[in-house]
Amino acid sequence: MPVISHVGVIGAFSRPHRLEPVEAMLDGRNVDEQTIAAAARAAADAVDPPQDLHADAEYRRALVATLVERALRAAAQRRSA
Amino acid sequence: MPVAFTINGNPVEVTVEPRTSLADCLRYALRLTGTHIGCEHGVCPFHSRSTVLGGSAVFEGAGVLLDKIRAAAAACLDCESAEIEITDGHAGARDGRSVALAELPKDGLKADASFANHHRHTYAYGTAAAHVTVDPGTGRVELVDYLVVEDVGRIVNPLTLHGQVIGSTVQGLGGAFMENLVYDANGQLFAGTLADYLIPTATDFPRIRAISLQHRPSPTNPLGVKGAGEGGIIPVGGLMANAVAGALSSLGAEPNELPLSPPCVWRLANPS
């Protein structure tokens, strides 16, 4: 079933941010594993992470991919349940 | 035992177990919950000195005082001090006559004692085991279970000992996972606030089990006590690094620095 998605991240820019390009990739599509993987990659590419004592930018970028992937999969599972 | 004293100008009477510490009496028996145990240099139990040194001095002093009480009771009951038995606040002679300790003449019933264990140190005797899960996608380490076992020689106060072991273990876990003094090349400290220098609190590591044993008293002091609590903190860093290495063994990960922060563990799990 097609979806309308909202993807928000914090700690991935200097302020909380919606990832509209990623939302555009998802809107109106079936959220399958292939779409999820592509969206996670796109999310990692879209962010501009700060770095500080606690985490460098490379880690934060990879974390965005991991968390977007997990969030989308959880949302898709909730939807199909 | 009943105790009476004056606190904040008010006389109070309370009944507590003889081993109850003054701070516990104030907090739990009298509900004066603002009572805290201060900690200053030389007062902390680091290097196992509180109970090993101070406790042994008290023990020696109590022995001296006991001899004086026996002598005073013997004079009172006109018998040999060797036959005096002290039970339940009374000193009794072999023939059944007794005198309440409170009725003995107070003069001279004082004892001074000191204790030093030159070159006869005590050590922590214990071990610890941990079960962790590592999330390779985030670098997060979850502590599923943690068990620390120590033989402290003799347990004097089970409640404060248990708190000491749990507290030192959490302190060790803070060093293993959170606390990081970051400096730049000029020696400028970056982790200068408690928002940047992370210190563990009670909710960070809820799954810790501590078992204290008293199978083998220390031969170096009259109480037989050993380092207690240090056994909680000593093994934590190596143990956590080994646990993470074990969890990531299929990747050949070899953690060799602390803290095992999420970015650090993520790098171990995702070698570039």
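**Description of the packing of aromatic side chains**
Moving on, step 1. With the rule as written, the count across this model stands at 2 aromatic pairs over all chains.
Moving on, step 2. Between Tyr59(A) and Trp266(B) the ring centres are 5.6 Å apart and the planes differ by 70 degrees, which places this aromatic pair in the edge-to-face class. With Tyr59(A) in helix H3 (residues 57–80) and Trp266(B) in helix H6 (residues 262–269), this residue pair bridges two chains.
Moving on, step 3. A relative accessible area of 6% means that Tyr59(A) is categorised as buried.
Moving on, step 4. Accessibility expressed as a relative area gives 10% for Trp266(B), which makes it buried.
Moving on, step 5. Over the face of the ring belonging to Tyr125(B) we find Lys226(B), whose NZ or CZ atom lies 4.1 Å from the ring centre.

**Quick look at the packing of helix H2 (residues 33–46) of chain A against H3(A)**
All names here are of chain A.
Moving on, step 1. Viewed as axis vectors pointing N to C, H2 and H3 meet at an angle of 150 degrees, and their least axial separation amounts to 8 Å. Our classification of the angle between H2 and H3 gives roughly antiparallel. Crossing angle aside, the handedness with which H2 passes H3 is right-handed. Counting all contacts with H2, which are made through Glu33, Ile36, Ala39, Ala40, Ala43, Ala44 and Asp45, the residues of H3 involved are Arg61, Val64, Ala65, Val68, Glu69, Leu72 and Arg73.
Moving on, step 2. When its residues are assigned to classes, the contact of H2 with H3 shows 9 nonpolar, no polar and 5 charged.

**Topic: the interface of chain A and chain B**
Moving on, step 1. Contacts between chain A and chain B engage 11 residues on the former and 13 residues on the latter.
Moving on, step 2. Carbon and sulfur atoms supply 59% of the area that chain A and chain B bury against each other, a total of about 990 Å² over both sides.
Moving on, step 3. Its largest share of buried area at the contact with chain B, chain A owes to Leu53(A), His54(A) and Tyr59(A), together 59% of the area lost on that side.
Moving on, step 4. Counting across the chain A and chain B interface gives 3 salt bridges.
Moving on, step 5. Linking chain A with chain B are 6 residue pairs in polar contact (both at pLDDT 80 or more).
Moving on, step 6. Split into classes, the residues belonging to the side of chain A that touches chain B amount to 6 nonpolar, 2 polar and 3 charged.

**Here's the deal with the sheet that holds strand S6 (residues 126–135) of chain B**
To summarise the sheet geometry, strands pair through backbone hydrogen bonds and adopt either a parallel or an antiparallel arrangement.
Residues and elements named next belong to chain B.
Moving on, step 1. Overall, mixed pairing links the 3 strands, which are arranged S6-S7-S8 in an open sheet. Only two strands of the sheet have a single partner each, and these edge strands are S6 and strand S8 (209–213). For this sheet the average axis-to-axis angle between neighbouring strands, irrespective of direction, equals 10 degrees.
Moving on, step 2. In this structure, strand S7 (residues 140–151) lies alongside S8, joined through 5 bridges in parallel fashion. Of the residues in S8, the one forming a bridge with Leu147 is Arg209.
Moving on, step 3. Where helix H3 (residues 158–177) meets the sheet, its contacts fall on S7 and S8, and the angle it forms with S7 comes to roughly 140 degrees.

**Some points on the pairing of strand S2 (residues 10–15) of chain B**
Residue and element names in this part refer to chain B.
Moving on, step 1. Relative to S2, strand S1 (residues 2–7) runs antiparallel, the two sharing 6 bridges. Residue pairing across strands places Phe5 opposite Val12, the latter belonging to S2.
Moving on, step 2. From the end of S1 to the start of S2, which pair antiparallel, there are 2 residues, and Asn8 there has a positive phi angle of about 50 degrees.

**Points about the environment of Ser21(B)**
Residues and elements named next belong to chain B.
Moving on, step 1. With respect to the helices and strands, the residue Ser21 is situated in the loop between S2 and helix H1 (22–29).
Moving on, step 2. A relative accessible area of 23% means that Ser21 is categorised as partly exposed.
Moving on, step 3. Sequence separation of Ser21 and His121 is 100 residues, and the distance between their C-alpha atoms is 26 Å.

**Some remarks on the pattern of salt bridges**
Moving on, step 1. Under the counting rule described, the total for this entry stands at 12 salt bridges over all chains.
Moving on, step 2. The partner of Glu23(A) in a salt bridge is Arg18(A), and the shortest N-O contact between them spans 2.9 Å.
Moving on, step 3. Overall, Arg18(A) belongs to the partly exposed group, its relative accessible area being 42%.
Moving on, step 4. Note that Arg70(B) and Asp67(B) form a salt bridge whose closest N and O atoms lie 3.8 Å from each other. Of this pair, Arg70(B) and Asp67(B) both sit in helix H2 (residues 49–77), 3 residues apart, which is roughly one turn of the helix.
Moving on, step 5. Look at the salt bridges and you will find they share partners, linking Glu33(A), Glu69(A) and Arg73(A) into a network.

**Points about H3(B)**
Residue and element names in this part refer to chain B.
Moving on, step 1. Along its 20 residues, H3 runs 28 Å from first to last C-alpha, staying within 8% of the 28 Å computed at 1.5 Å per residue.
Moving on, step 2. Burial in H3 covers these residues: Leu161, Val165, Ser168, Thr169, Val170, Gly172, Leu173, Gly174, Ala176 and Phe177.
Moving on, step 3. On its buried face, H3 is in contact with S7, S8, helix H4 (230–233) and helix H5 (236–247).
Moving on, step 4. The backbone nitrogen of Leu159 has a side-chain oxygen 3.1 Å away, supplied by the residue at the start of H3, namely Asn157.

**Structural notes on the pairing of S6(B)**
Residue and element names in this part refer to chain B.
Moving on, step 1. Summarising the sheet, S6 and S7 pair through 10 bridges and their orientation is antiparallel. Its bridge partner being in S7, Asp135 is matched across the sheet by Arg140.
Moving on, step 2. Joining the antiparallel neighbours S6 and S7 is a turn of 4 residues, in which Gly139 adopts a positive phi near 80 degrees.

The rules behind the values
Sequence order as written defines the numbering, with residues in each chain counted from 1. Lettering for chains starts from A, numbering for ligands starts from 1, and both go in the order in which the items are written. Given that the model is predicted, a residue must reach a pLDDT of at least 70 before its local features are reported, and side-chain atom pairs must reach 80 or more before they are shown or counted; all residues, however, enter totals for whole chains, interfaces and linings. Side-chain descriptors were evaluated using all non-hydrogen atoms of the structure, hydrogens and water having been removed beforehand. For Phe, Tyr and Trp, rings pair up if their centres lie within 6.5 Å, where Trp contributes its six-membered ring, and each pair is then called stacked (planes under 30 degrees apart), edge-to-face (over 60) or tilted (otherwise). Only DSSP runs of H or I reaching four residues or more are called helices, and only runs of E reaching two or more are called strands; each is numbered from the N terminus. Each residue's exposure class comes from its accessible area (1.4 Å probe, protein chains only) as a fraction of the maximum for that residue type: buried when under 20%, exposed when over 50%, partly exposed otherwise. Definition used: whenever NZ (Lys) or CZ (Arg) falls within 6 Å of the ring centre and also within 35 degrees of the ring normal, the charge is taken to sit over that ring. Note on geometry: axes are lines fitted to C-alpha atoms, helical ones only across the stretch in contact, with angles between N-to-C directions running from 0 to 180 degrees. For classification purposes, angles smaller than 35 degrees are called roughly parallel, those larger than 145 roughly antiparallel, those between 65 and 115 roughly perpendicular, and all remaining angles oblique. Should the near helix be turned counterclockwise from the far one by less than a right angle, the crossing is left-handed, whereas a clockwise turn marks it as right-handed. Residue contacts follow a heavy-atom distance rule, with two residues in contact if any of their heavy atoms lie within 4.5 Å. Classification convention: Asp, Glu, Lys, Arg as charged; Ala, Val, Leu, Ile, Met, Phe, Trp, Tyr, Cys, Pro as nonpolar; all other residues, Gly among them, as polar. Here the quantity called buried area is the total loss of accessible area, with a 1.4 Å probe, experienced by two parts when brought into contact, counted for both. By definition, a salt bridge exists where a carboxyl oxygen of Asp or Glu is found within 4 Å of a side-chain nitrogen of Lys or Arg. We call two N or O atoms a polar contact when they sit within 3.5 Å, provided that within protein one can donate a hydrogen and the other can accept it, with sequence-adjacent residues counted only if both atoms are side-chain atoms. Strands are treated as partners if at least two bridges between them are detected by DSSP. A helix's residues, less one, multiplied by 1.5 Å, set its expected span.

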